[in-house]
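# Per-entry structural report
Now for the letters of each chain:
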Amino acid sequence: MTIISKDISKAVKLLTAEELVAIPTETVYGLAGNIYSTKAIKTIFETKQRPFFNPLIVHIPSIDYLSNIVEYIPEKAKLLAEAFWPGPITLVLKKKNIIPDIITAGKDTVAVRVPNHPVTLELLKKLPFPLAAPSANPFSSISPTTAKHVEDYFKDKIKMVLDGGPCRSGIESTIVGFEDDNPIIYRLGSTPIEVIETVIGEIEIKNRKEAAPDAPGMLGRHYAPKTTTVLTKNVSDAIKQYPNRLIGLLVFNSEVETNAVFTQIILSKKGDMVEAASKLYDALHQLDLQNLDIIIAEEFPDYGLGKSINDRLKRATKR
Ligand code: TXA
Ligand code: MG
């Protein structure tokens, strides 16, 4: 049985004993273990059925901790950390030797962030080691944004979910790497690109279809429901293409008047992309549980968080 609990000291005990604990963050729940315990880290990969070539994000308690684990901090990385931590931006930086190779899949860089969730910040401050934490879902499936999602995925495979309520942001952190000190977005996420650009100027997005992705979060099929999903700018037209099918609709802000669909979820009636992002994965989880023939998702406006939401929806449509 998985314990769902708010007891931070219990989480400290388990993590110190090299066990895994699912932890809340502002983006999604993570499956956490001591970065220095080979046993814990191996169990993370096994539990998620994640390939070992896909490196993990290291979660640290504060910006001051950064220099313990990275060799070098480019000026623009410093600006981003100061502007956004604690918060949903992950920096990929040259690692110090102290970071085990299993965390970074043998790369000489490490992905690191300070999560913005009071429960997990308190937990990190109590622990004498940082936490490696990929999203707490089986590889390629929808990330969890509630303790219940995690429990449903892993049942008794993990001892404890530290309950911090539903995740506020609801999509993963934005990942920024550096090549010759130039910042590059490896994964779109909860911190919109335009907001990042106000701090460090123009930033490039790396082509997500490259053969050997720098961030496997960039792999084609990822964040995917089991139900076939299509993405469209015109929901009414898309519905007509699937007559006599059990359709689930996922729309941004306005209800589609139709009798042809079985169920419909509106992500934000007031048209707020922050609200929509926070509800996105839960909506996909809900739709995926209804044995639909197809999920038709509406494309978002292509700016700000809309860009990140579209990125996840596109990956949800890949087979
Ligand atoms: O919001 C988040 O980032 C959540 C919460 C739990 O913090 N975590 C998360 O972890 O999304 P995960 O493992 O699902 O995604 C981590 C991504 C992967 O796409 C991985 O390839 C990339 O980070 N990554 C990790 N280390 C890297 C490195 N050294 N270079 C490039 N990409 C890296
Ligand atoms: Mg993930």
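### Re the overall build of the chain
When you go through the chain residue by residue, the secondary structure sums to eleven helices and 15 strands. Relative to a compact globule of 319 residues, whose C-alpha radius of gyration would be 20 Å, the chain shows 19 Å and is just as compact. Across the 319 residues that make up the chain, the buried fraction comes to 56%. With the model as given, the accessible surface of the chain reaches about 13800 Å², and the carbon-plus-sulfur share is 50%. Here the chain holds 39 positive side-chain charges and 38 negative ones, and the gap between their average locations is 4 Å.

### Description of the nonpolar core
Core analysis: the biggest nonpolar cluster contains 46 residues, and Leu80, Trp85, Leu91, Ile103 and Ile196 have the highest contact counts within it. For Ile196, the contacting residues outside a window of four places in its chain are Leu80, Phe84, Ile89, Thr174, Val176, Ile185, Thr191, Gly201 and Ile203. Within the second largest apolar cluster, 23 residues are counted, among which are Phe252, Leu267, Tyr281 and Leu305.

### Some thoughts on the sheet that holds strand β9 (residues 174-179)
Taken in spatial order, the eleven strands of this open sheet run β1-β8-β2-β3-β7-β4-β6-β5-β9-β10-β11, and their pairing is mixed. In this open sheet, the two edge strands, each paired with only one partner strand, are β1 (3-5) and β11 (204-205). Pairing of strand β10 (residues 182-187) with β11 involves two bridges; the strand directions are parallel. Within β11, the residue paired with Ile184 across the bridge is Glu204. Most of the contacts of helix α8 (residues 193-200) go to β10, to which it runs at about 165 degrees, and overall it touches β5 (89-94), β9, β10 and β11.

### Examining the domain arrangement of the chain
The domains assigned to the chain are domain 1 (3-205) and domain 2 (229-317). Here the C-alpha centroids of domain 1 and domain 2 sit 28 Å apart. At the junction of the two partners, domain 1 supplies 20 residues and domain 2 supplies 16 residues. Buried area between domain 1 and domain 2, summed over both chains or domains, comes out near 1400 Å², and the portion from carbon and sulfur atoms is 62%.

### Let's talk about helix α6 (residues 118-126)
Residues Val119, Thr120, Leu121, Leu123 and Leu124 constitute the buried set of α6. Packing partners of the buried residues in α6 comprise α1 (8-16), β2 (21-23), β4 (57-59), β7 (131-132) and β8 (160-162).

### Considering the packing of helix α10 (residues 273-288) against helix α11 (residues 305-317)
Interaxial distance between α10 and α11 falls to 9 Å at its minimum, and their mutual angle equals 20 degrees. Between α10 and α11, the interaxial angle falls into the category roughly parallel. Seen along the crossing, α10 lies across α11 with a hand that is left-handed. Between α10 and α11, the contacting residues are Met273, Val274, Ala276, Ala277, Leu280 and Tyr281 on the first element and Leu305, Gly306, Ile309, Arg312 and Leu313 on the second.

### Looking at the packing of α1 against α6
Axis separation between α1 and α6 bottoms out at 10 Å; the angle between their running directions is 50 degrees. Considered as vectors, α1 and α6 are oriented oblique to each other. When you trace α1 past α6, the crossing you get is right-handed. Contacts from Ile8, Ala11, Val12 and Leu15 in α1 reach Val119, Glu122, Leu123 and Lys126 in α6.

### As for the sheet that holds strand β12 (residues 229-232)
With parallel pairing, the four strands of this open sheet are ordered in space as β12-β15-β13-β14. In this open sheet, the two edge strands, each paired with only one partner strand, are β12 and β14 (263-266). Averaged over neighbouring strand pairs, the angle between their axes works out to 20 degrees when direction is ignored. The sheet contact formed by strand β13 (residues 247-251) and strand β15 (residues 294-298) spans four bridges and is parallel. Paired with Gly248 across the bridge in β15 is Ile295. On the sheet, α10 packs against β13, β14 and β15 and is oriented at approximately 175 degrees with respect to β13.

### Focus: the packing of aromatic side chains
This structure, assessed with the given rule, holds three aromatic pairs. Arranged with centres 6.2 Å apart and planes meeting at 55 degrees, the rings of Tyr153 and Phe154 form a pair that is tilted. By relative accessible area, Phe154 is classed as buried at 2%.

### As for the environment of Ile247
Mapped onto the elements, Ile247 comes out in strand β13. The exposure class assigned to Ile247 is buried, which follows from its relative accessible area of 0%. Taking the C-alpha atoms as reference points, Ile247 and Pro115, separated by 132 residues in sequence, lie 37 Å from one another. Beyond its immediate sequence surroundings of up to four residues, Ile247 is in contact with Ile239, Tyr242, Ala260, Val261, Phe262, Thr263, Leu292, Ile294 and Ile296.

### So, the pattern of salt bridges
Counted by the stated rule, this structure contains 15 salt bridges. For Lys233, the salt bridge is made with Glu299, and the minimal N-O distance between the two is 3.3 Å. Linking Lys233 in the loop between β12 and α9 (235-240) with Glu299 in the loop between β15 and α11, this pair joins segments that are 66 residues apart in sequence. Where Arg315 meets Asp311, a salt bridge forms, and the shortest distance between an N and an O atom there is 2.7 Å. Of this pair, Arg315 and Asp311 both sit in helix α11, four residues apart, roughly one helical turn. In terms of burial, Arg315 and Asp311 fall into one category: buried.

Each value, and the rule that gives it
Residues numbered from 1 in each chain as written. Chains lettered and ligands numbered in written order. Predicted model: local features only at pLDDT ≥ 70, side-chain atom pairs only at ≥ 80, totals over all residues. Heavy atoms only, no water. Helix = DSSP H or I, 4+ residues; strand = E, 2+ residues; numbered from the N terminus. Rg over C-alpha atoms; globule rule 2.2 N^0.38 Å. Buried < 20%, exposed > 50% of the residue type's maximum accessible area, 1.4 Å probe, protein only. Areas by Shrake-Rupley, 256 points an atom, 1.4 Å probe, with all protein chains shown as cover. Lys, Arg positive; Asp, Glu negative; His and termini not counted. Charge placed at Lys NZ, Arg CZ, Asp CG, Glu CD. Core = buried A, V, L, I, M, F, W, Y, C linked by side-chain atoms within 4.5 Å. Contact = heavy atoms within 4.5 Å. Pairing = 2+ DSSP bridges. Axes fitted to C-alpha atoms, helices over the stretch in contact; angles between N-to-C directions. Domains from an automatic or database assignment. Buried area = accessible area lost by both parts, 1.4 Å probe. Parallel < 35°, antiparallel > 145°, perpendicular 65-115°, else oblique. Left-handed = near helix turned anticlockwise from the far one by under 90°. Phe/Tyr/Trp six-rings, centres within 6.5 Å; stacked < 30°, edge-to-face > 60°. Salt bridge = Lys/Arg side-chain N within 4 Å of Asp/Glu carboxyl O.

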